[in-house]
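Listed below, chain by chain, are the residues.
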Amino acid sequence: MIEVIILTLFAYLLGSIPTAYILGNQFFGKDIRKLGNGNVGTVNAWHEFGWRTGIMVLILDMAKGAMVMALILVLGVT
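Since the model is a prediction, treat every value here as computed from it, not as a measurement. (Residues numbered from 1 in each chain as written. Predicted model: local features only at pLDDT ≥ 70, side-chain atom pairs only at ≥ 80, totals over all residues. Heavy atoms only, no water.)

Trainee: Describe the pattern of salt bridges, naming the residues involved and giving the relevant values.
Mentor: One pass over the full model with this rule turns up two salt bridges. Note that D31 is salt-bridged to R33, the shortest N-O span being 3.0 Å. Judged by relative accessible area, D31 falls into the buried class, the value being 18%. Its relative accessible area of 48% is what places R33 among the partly exposed residues. The salt bridge partner of K64 is D61, with a shortest N-O separation of 3.3 Å. Here D61 and K64 lie together in helix 4 (residues 51–75), a separation of three residues that amounts to about one turn. Judged by its relative accessible area of 12%, K64 falls in the buried class. (Salt bridge = Lys/Arg side-chain N within 4 Å of Asp/Glu carboxyl O. Buried < 20%, exposed > 50% of the residue type's maximum accessible area, 1.4 Å probe, protein only. Helix = DSSP H or I, 4+ residues; strand = E, 2+ residues; numbered from the N terminus.)

None of this, on its own, says anything about what the molecule does.
Written out as structure tokens, the structure is:
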């Protein structure tokens, strides 16, 4: 039971990392929350920073979910 609680907390914290904001700020010096539709997501990053950044945001966001799923499988949590 404690594993489920810890994994849930880890998944929540990992999912709260705004990859589009971080990439936009680091590589372009811009706050994506103030650009386009204000959404911190793949489509807005694609529109505001270009397709390369959009794909990188998509890959990193998918990797966050895959990391949690891999931990669930490795630890055998059900």
